[in-house]
Amino acid sequence: VEEYELPSKLEPLGKEETITVHEKAKAIMIAEFMQADERTASDWVNILGPRIGIVSQMSPRTIGRAYYDDRVRALISLVFKKSSAAIQGKENSFSGDSKGFKKNNKVHYSRDKLDDEKKKDFAMVSFMVSNKYHVATAFVFHEHGPINDAPTLPELWRQTTEIHGEYIEKAQFDAGFPSRENVQL
């Protein structure tokens, strides 16, 4: 065993750095399940967290920042893949949609989504789900405001066909997805 000499002065870890990626991913899943903003999600995480392995207290800001952490996204993506694999061969119909959500509590998506100045205060997630089992099979996250749904379809389709390709018989999308490229796809 090699010994390592520690520097004489260590920088203290910030509170957010002591919270694991797993805890942050679980917090996001609680927030989305409860359809809660960061403040309400923080309360739910602090109440339910100990039951699902979250030992750290989380502030609303910590939960908000977790959405933009690439390590958290990678972990959630793995959860999506594992969940989707469980229904492989059992599902043949899928649907896609998108949802805008606010980055802060001062805006309201349905009211402000058309305001070019306020668009920057929103992020967007596009997703596909199985119609029978309601399992998410793909997602694409956009940090820089709402965009048209159409550019997200190729990636959603790629992620879903990676596991369910030979079983897909039907796919439905809302009016935001059609484009020449998507119809060909």
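Computed from a predicted model, the values in this text were never measured in an experiment. (Residues numbered from 1 in each chain as written. Predicted model: local features only at pLDDT ≥ 70, side-chain atom pairs only at ≥ 80, totals over all residues. Heavy atoms only, no water.)

> Can you walk me through the packing of aromatic side chains in this structure?
Given two aromatic rings, their pairing is described by the distance between the two centres and the angle made by the two planes. Inspection of the entire model under this criterion finds 2 aromatic pairs. Taking the centre distance of 4.7 Å and the plane angle of 45° together, the rings of Phe80 and Phe139 count as tilted. Of the two residues, Phe80 sits in helix H4 (residues 70–85) while Phe139 sits in strand S3 (residues 136–142), which places them 59 residues apart along the sequence. (Phe/Tyr/Trp six-rings, centres within 6.5 Å; stacked < 30°, edge-to-face > 60°. Helix = DSSP H or I, 4+ residues; strand = E, 2+ residues; numbered from the N terminus.)

> Looking at this structure, how should I read the pattern of salt bridges?
It is possible for side chains of opposite charge to pair when their charged atoms get near one another. For the structure shown, the criterion picks out 5 salt bridges. Two residues, Glu162 and Lys81, come together in a salt bridge whose shortest N-O distance is 3.8 Å. Taken as a pair, Glu162 in helix H6 (residues 153–164) and Lys81 in helix H4 lie far apart in primary sequence, 81 residues in all. The closest approach of N and O atoms between Arg158 and Glu155, which form a salt bridge, is 2.6 Å. Note that Arg158 and Glu155 are positioned in helix H6 at a spacing of 3 residues, about one turn of the helix. On the basis of relative accessibility, which here comes to 39%, the residue Arg158 falls in the partly exposed class. Under the relative-accessibility criterion, Glu155 is labelled partly exposed at 29%. Here the residues in one salt-bridge network are Lys81, Glu155, Arg158 and Glu162, joined through shared partners. (Salt bridge = Lys/Arg side-chain N within 4 Å of Asp/Glu carboxyl O. Buried < 20%, exposed > 50% of the residue type's maximum accessible area, 1.4 Å probe, protein only.)

> Help me out: how do you make sense of the nonpolar core in this one?
Residues Ile28, Val45, Met58, Ile63, Tyr67, Val72 and Ile76 are the most contacted members of the largest nonpolar core, which totals 22 residues. Going through the elements one at a time, helix H1 (21–34), helix H2 (38–48), helix H3 (60–66), H4, strand S2 (122–130) and S3 are the ones with two or more residues in this core. In this view, Ile76 contacts Ala25, Ile28, Met29 and Phe139; residues no more than four positions away in its chain are not counted. Counting residues in each nonpolar core, the second largest holds 8 residues, with Phe94, Met128, Val140 and Ile168 among its members. (Core = buried A, V, L, I, M, F, W, Y, C linked by side-chain atoms within 4.5 Å. Contact = heavy atoms within 4.5 Å.)

> Sorry, what's going on with the layout of surface pockets here?
Its volume calculated, the largest pocket comes out at about 800 Å³. In terms of lining, the largest pocket is formed by 22 residues, of which the most central are Glu32, Ile76, Phe80, Val125 and Ala136. Residue assignment for the lining of the largest pocket shows that the elements contributing at least two residues are H1, H4, strand S1 (93–102), S2 and S3. A per-element tally of the lining of the largest pocket places H4 first, with 6 residues. Taken together, the residues that form the lining of the largest pocket break down as 16 nonpolar, 3 polar and 3 charged. (1 Å grid on protein atoms, 1.4 Å probe; cavity = no way out; pocket = protein on both sides within 12 Å on 5 of 7 lines; lining within 4 Å. Points joined across faces, edges and corners; volume = space filled by probe spheres on them. Nonpolar A, V, L, I, M, F, W, Y, C, P; charged D, E, K, R; others polar.)

> How should I be thinking about the packing of H1 against H2 in this particular structure?
Two elements in contact, H1 and H2, have axes whose closest approach is 9 Å; the angle formed by their N-to-C orientations is 120°. Crossing of H1 against H2: the hand is right-handed. Contact residues: Ala27, Ile30, Ala31 and Met34 in H1; Ala41, Trp44, Val45 and Leu48 in H2. Class assignment of the residues belonging to the contact of H1 with H2 gives a composition of 8 nonpolar, no polar and no charged. (Axes fitted to C-alpha atoms, helices over the stretch in contact; angles between N-to-C directions. Left-handed = near helix turned anticlockwise from the far one by under 90°.)

> Explanation requested: the packing of H1 against H4 in the structure shown.
Think of two packed helices as two axes; the pair is described by the angle between the axes and how far apart they sit. At their nearest, the axes of H1 and H4 sit 9 Å apart, and the two run at 65° to each other. Comparing their axes, H4 and H1 come out roughly perpendicular. Considering the relative orientation of H1 and H4, their crossing is right-handed. Only Arg71, Val72, Leu75, Ile76 and Val79 of H4 make contact with H1, whose side of the interface consists of Val21, His22, Lys24, Ala25, Ile28 and Met29. (Parallel < 35°, antiparallel > 145°, perpendicular 65-115°, else oblique.)

> Any chance you could explain H4 here in plain terms?
Helical geometry: 3.6 residues make up each α-helical turn, so side chains three or four residues apart lie on a common side. The terminal C-alpha atoms of H4 lie 22 Å apart, and with 16 residues this matches the ideal 22 Å at 1.5 Å per residue to within 8%. Turning to H4, its buried residues are Val72, Leu75, Ile76 and Ser84. Considering only its buried residues, H4 is in contact with H1, H3, S3 and H6. (Expected span 1.5 Å × (residues − 1).)

> So what exactly am I meant to see when it comes to a nonpolar patch on the surface here?
On the surface, Trp44, Ile47 and Leu48 cluster together into a nonpolar patch covering about 270 Å² of accessible area. Here Trp44 shows up in helix H2. (Patch = residues over 30% accessible without salt bridge, like charges linked within 9 Å, V, L, I, M, F, W, Y side chains within 5 Å. Areas by Shrake-Rupley, 256 points an atom, 1.4 Å probe, with all protein chains shown as cover.)

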